[in-house]
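Residue-level structural notes
Listed below are the residues making up each chain.
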Amino acid sequence: MANIKSAKKRIKVIETKTMRNKAIKSKVKTAIKKVDAAVAAGDAALAKACLRDAISEIDKATKKGVYHKNTSSRKISRLSLAVNKIA
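Residues numbered from 1 in each chain as written. Predicted model: local features only at pLDDT ≥ 70, side-chain atom pairs only at ≥ 80, totals over all residues. Heavy atoms only, no water.

Some remarks on the overall build of the protein
A count of helical and extended segments in the protein gives three helices and zero strands. Of the regular secondary structure in the protein, the N- to C-terminal order runs α-α-α. Relative to the globule expectation of 12 Å for 87 residues, the C-alpha radius of gyration of the protein, 17 Å, shows a markedly less compact shape. Across its three principal axes, the protein shows a C-alpha extent of roughly 60 × 20 × 15 Å. (Helix = DSSP H or I, 4+ residues; strand = E, 2+ residues; numbered from the N terminus. Rg over C-alpha atoms; globule rule 2.2 N^0.38 Å.)

If you want it as structure tokens, here you go:
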């Protein structure tokens, strides 16, 4: 455990940011799972709607610095490819 005041503060700040990042990543994963489920079911309309929501969540995560821009682009590209295959 840290003894220096600034080190203690850094630990608190890191915990807060870690929790925030986990929540954002969880939202993204949930959105991706919804798209995958719609694709597996073969429901093109639902897949497109879920894809739009997933892209929004991924972009928000990227804007907040949770994901690197290339990571978010890769995720969006793979989801779009899957949805376009069933459409």
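There's more to say after this.
Remarks on helix α3 (residues 69-86)
For α3, built from 18 residues, the straight-helix expectation of 26 Å at 1.5 Å per residue is met to within 8% by its first-to-last C-alpha distance of 26 Å. Looking at α3, one finds that the buried residues are Thr 71, Ser 72, Ile 76, Leu 79, Ser 80 and Val 83. Along the long axis of α3, the arc covered by the buried residues comes to 160°, so they all point the same way. What points out from α3, more than 90 degrees from its buried face, is the exposed set Arg 78, Leu 81, Asn 84 and Lys 85. (Expected span 1.5 Å × (residues − 1). Buried < 20%, exposed > 50% of the residue type's maximum accessible area, 1.4 Å probe, protein only. Arc of directions from axis to C-beta.)

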